[in-house]
Amino acid sequence: MSEEMPNRKNHPHIEVNKLDEKKKKSMLNRIVVAIVLLILAVPCIALGGWFWFVFITVFLGFACYEIMKAPQKKYRWYIWVFTYFLVFVYVYWFLLKFNAQQYMQYLIDRKTDMNATFHFELEQYFSYLDISIYSLAASFGIYSLCAVLHEDFDWHDVIYFFAMTFMVGLGFQAFMFLRYYPLALEWGPAYDASSNVFRYWGSTTFLIYVVAATFLNDIFAYFVGMLFGKHHINPRISPNKTWEGFIGGIVLAAGASFGIAALLEGCGYPILPHLSIFANSQAWWQLLLMSIALPLIGNLGDFTFSMIKRFYGFKDYSHLLGAHGGVLDRVDSLLFSSVAASVFVVFSGIGWNIFR
């Protein structure tokens, strides 16, 4: 005896959210902007080197602008200058310092070897993340001084700028790390130091994996939540996010990103040598753990930046990317997941020896 399957018309618990015209228009705008961003990003990712450097630098400039505009207050010109300077220092200071040290060594070597050469290196520094403790001290001190000197720059501004410049600076440095770390190891199935342009394409898989784990979570959570979401997680911070979208995004993104890593390795391009699941019997669980952790930590980034928006009472950091909002609206989760992935691979690469 067969049972009649329930349908959505006579079963009150089976419902799918309807797509109204506003949602359809938003989805279309998101898709178009995403395609444009891919057209810009993919060549820079594939070519690496200065192409990726310039791409990141341009968007870092937009992110700094959004940091300044978010509180919806008019700040003095020198606060603008210091904030831009501070964020760029967080991202690039150690890269410049590394090359300055290399140049000084070149000058010394030049005295005894006339064939000694110096080349500005983008990749060799990025074997770890680093933030100057002096920059952090200067950040807190100068913003606190501004609060003392100016009544319209209060304690909320001090904490806001101190936290935002640090998060954005470290996050964008992690974007550099994801792309250059395999080159710092001088590793990659297609690594060829004799080629000037295309030597980087075989080292893109690590960046592709992290971006996929993060953005697939955003995409899956958006569509699952829009179609099936009923139970809101925290309306105070993010009124549109639901538990259905949250769980669906993490599960689907973790599975998809792990599958992407396995597929890339099956094609001969593992994301990193010590995370090769076919060559290292211990690598699969580390890769699985990272595939689960990145969407989770990405959600933390999303909630953190949403909390800032709710506190100041605005919807998007800017309208640069249409329905996607601003740069910080688009990369909020990626900022956190990129830092987490960078820390993960550094420690996994040294056998989890935290004292090394």
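In this convention, every chain numbers its residues from 1, walking through the sequence in written order. Residue-level local features of this predicted model are given only where pLDDT is at least 70; pairs of side-chain atoms are given and counted only at 80 or more, and the full residue set underlies all totals for whole chains, interfaces and linings. Note: side-chain values were computed over all heavy atoms of the structure, leaving out hydrogens and water.

Asker: Looking at this structure, I do not really get the overall build of the protein. What am I missing?
Answerer: Runs of E in the DSSP output that reach at least two residues are strands. Runs of H or I that reach at least four are helices, and both are numbered from the N terminus. Across its full length, the protein holds nine helices and two strands. Ordered by position from the N terminus, the helices and strands of the protein form the series α-α-α-α-α-α-β-β-α-α-α. The buried share of the protein, taken over its 356 residues, is 46%. Throughout, a contact is declared for two residues whenever any of their heavy atoms are within 4.5 Å. Taking the intrachain contacts of the protein between residues at least 6 apart in sequence as the baseline, contacts between residues at least 24 apart amount to 72%. Areas reported here follow the Shrake-Rupley algorithm with a probe of radius 1.4 Å; residue values treat only the protein chains shown as occluding. For the protein, the computed accessible surface area is about 19100 Å², with 68% contributed by carbon and sulfur atoms. Partly exposed describes any residue whose relative accessible area lies between the buried limit of under 20% and the exposed limit of over 50%, with all areas from a 1.4 Å probe on protein chains only and scaled to the type maximum.

Asker: I tried to follow the packing of helix 3 (residues 77-112) against helix 5 (residues 155-184) on my own but got confused; where do I start?
Answerer: Two packed helices can be described by the angle between their axes and the distance between those axes. Following both chains from N to C, one finds helix 3 and helix 5 inclined at 35 degrees, their axes separated by 8 Å at the closest point. Helix 5 is crossed by helix 3, and the crossing has right-handed handedness. Here Thr83, Leu86, Val87, Tyr90, Val91 and Tyr92 of helix 3 come into contact with helix 5, specifically with Phe161, Thr165, Phe166, Val168, Gly169, Phe172, Gln173 and Met176. Amino acids outside the nonpolar list (Ala, Val, Leu, Ile, Met, Phe, Trp, Tyr, Cys, Pro) and the charged list (Asp, Glu, Lys, Arg) are all regarded as polar, and Gly is one of them. Within the contact of helix 3 with helix 5, the residues separate by chemical class into ten nonpolar, four polar and no charged. Between N-to-C directions, angles cover 0 to 180 degrees, with each direction set by a line fitted to C-alpha atoms, over the stretch in contact for helices. Each crossing is labelled by how the near helix is turned from the far one, with a counterclockwise turn of less than a right angle marking it left-handed and a clockwise turn marking it right-handed.

Asker: Would you mind showing me how to read the nonpolar core here?
Answerer: Generally speaking, a soluble globular protein has its nonpolar side chains buried in company with each other. Put simply, a nonpolar core is a bunch of buried Ala, Val, Leu, Ile, Met, Phe, Trp, Tyr and Cys residues held in one set by side-chain atoms that sit within 4.5 Å of each other. Ranked by internal contacts, the top residues of the largest apolar core, which has 77 residues, are Phe172 and Met290. Take this core: its biggest share by element is 15 residues, from helix 5. Once you skip the residues sitting within four places of it in the chain, Met290 turns out to touch Tyr209, Ile271, Leu275, Pro295, Ala341, Phe344 and Val345.

Asker: How should helix 8 (residues 283-312) be read in this particular structure?
Answerer: For an α-helix the count is 3.6 residues per turn, leaving residues at separations of three or four pointing the same way. Between its terminal C-alpha atoms helix 8 stretches 43 Å, which fits the 44 Å expected from 30 residues at 1.5 Å a residue. At the C-terminal side of helix 8, Gly313 shows a positive phi close to 80 degrees. A helix is expected to span 1.5 Å multiplied by its residue count minus one.

Asker: Just to check I follow, could you spell out a nonpolar patch on the surface for this structure?
Answerer: Patch membership is restricted to residues that have no salt bridge and whose relative accessible area is over 30%. Joining uses 9 Å for like charges and 5 Å for the nonpolar side chains Val, Leu, Ile, Met, Phe, Trp and Tyr. Any carboxyl oxygen of Asp or Glu within 4 Å of a side-chain nitrogen of Lys or Arg constitutes a salt bridge here. Among the surface-exposed residues, Trp284, Trp285, Leu288, Leu289, Ile292, Leu296 and Trp352 lie close enough to one another that they form a single nonpolar patch of about 650 Å² accessible area. Within the fold, Trp285 resides in helix 8. Residue Trp285 is classed as partly exposed on the basis of its relative accessible area of 36%.

Asker: Where do I start with the side chain of Arg179 in this structure?
Answerer: Within the element layout of this structure, Arg179 appears in helix 5. We treat Lys and Arg as the positive residues and Asp and Glu as the negative residues; His and chain ends play no part in the count. Here Arg179 is buried and forms no salt bridge, its nearest opposite-charge partner Glu123 lying at an N-O distance of 7.6 Å. For the purposes of these results, a polar contact is taken to be a pair of N or O atoms within 3.5 Å, where, inside protein, one atom must be able to donate a hydrogen and its partner to accept one; residues adjacent in sequence count only when each atom of the pair is a side-chain atom. Of the polar contacts made by the side chain of Arg179, one reaches the backbone oxygen of Ile45; its length is 2.8 Å.

Asker: Even after reading the chapter, I still don't get the environment of His150, so can you show me in this structure?
Answerer: Tracing the backbone shows His150 in the loop between helix 4 (133-149) and helix 5. Residue His150 is classed as buried on the basis of its relative accessible area of 14%. Put simply, His150 and Arg76 are 74 residues apart on the chain and 9.9 Å apart in space, counted from C-alpha to C-alpha. Setting aside residues up to four positions removed in sequence, His150 forms contacts with Arg76 and Tyr78.

Asker: Which parts of the structure should I look at to understand helix 4?
Answerer: Taking 1.5 Å per residue, 17 residues should reach 24 Å; helix 4 reaches 24 Å between its end C-alpha atoms and fits that length. Listed as buried for helix 4 are Ser135, Leu136, Ser139, Tyr143, Ser144 and Cys146. For helix 4, the angular spread of buried residues about the axis comes to 160 degrees, placing them on one side. Exposed and oriented more than 90 degrees from the buried face of helix 4 are Ile133, Tyr134, Ala137, Val148 and Leu149. Close packing links the buried residues of helix 4 with helix 3 and helix 5. In this description, one arc is meant: the one made by directions from the helix axis to the C-beta atoms.

Asker: Sorry, what's going on with the pairing of strand 2 (residues 238-242) here?
Answerer: Side-chain direction in a regular strand flips from residue to residue, so the side chains alternate between the two faces of the sheet. At least two DSSP bridges between two strands are needed for those strands to be called paired. In this sheet, strand 2 lies alongside strand 1 (residues 232-234) in antiparallel orientation, the contact comprising two bridges. Bridge assignment links Asn234 to a residue of strand 2, and that residue is Ser238.

Asker: Sorry if this is basic, but what is going on with the side chain of Asn299 here?
Answerer: Locating Asn299 in the fold gives a position in helix 8. Taking relative accessible area as the criterion, Asn299 reaches 6% and is therefore assigned buried. Residues in contact with Asn299, not counting those within four places in the same chain, are Asn217, Phe246 and Ile250.

Asker: Can you walk me through the confidence of the model for the protein in this structure?
Answerer: The score called pLDDT rates the predictor's confidence residue by residue, from a low of 0 to a high of 100. Confidence in the prediction of the protein, expressed as mean pLDDT, is 87, and 88% of residues score 70 or more. At the low end of the mean pLDDT range in the protein sits helix 1 (residues 21-47), at 81; at the high end sits helix 4, at 97. Here residues 1-16 is a poorly scored stretch, pLDDT under 50, and it has nine contacts once near neighbours within four places are set aside; other chains count. Below pLDDT 50 for its whole length, residues 187-198 participates in 21 contacts with residues either more than four positions away or in separate chains.

Asker: Can you help me understand the packing of aromatic side chains in this one?
Answerer: Any aromatic ring pair is given by two values, namely how distant the centres are and how the planes are angled relative to each other. Ring pairs are drawn from Phe, Tyr and Trp, using the six-membered ring of Trp, whenever the two centres fall within 6.5 Å, and their geometry is named by plane angle: stacked under 30 degrees, edge-to-face over 60, tilted for the rest. The full count for this structure, using the stated rule, is 37 aromatic pairs. Seen from their ring centres, Phe94 and Tyr125 are 6.4 Å apart, and the 5 degrees between their planes marks the pair as stacked. You can see Phe94 sitting in helix 3 and its partner Tyr125 sitting in the loop between helix 3 and helix 4, a full 31 residues away along the chain. Residue classification places Tyr125 among the buried positions, given a relative accessible area of 3%. Geometrically, the ring pair formed by Tyr160 and Tyr312 is edge-to-face, given 5.3 Å between the ring centres and 75 degrees between the ring planes. You can see Tyr160 sitting in helix 5 and its partner Tyr312 sitting in helix 8, a full 152 residues away along the chain.

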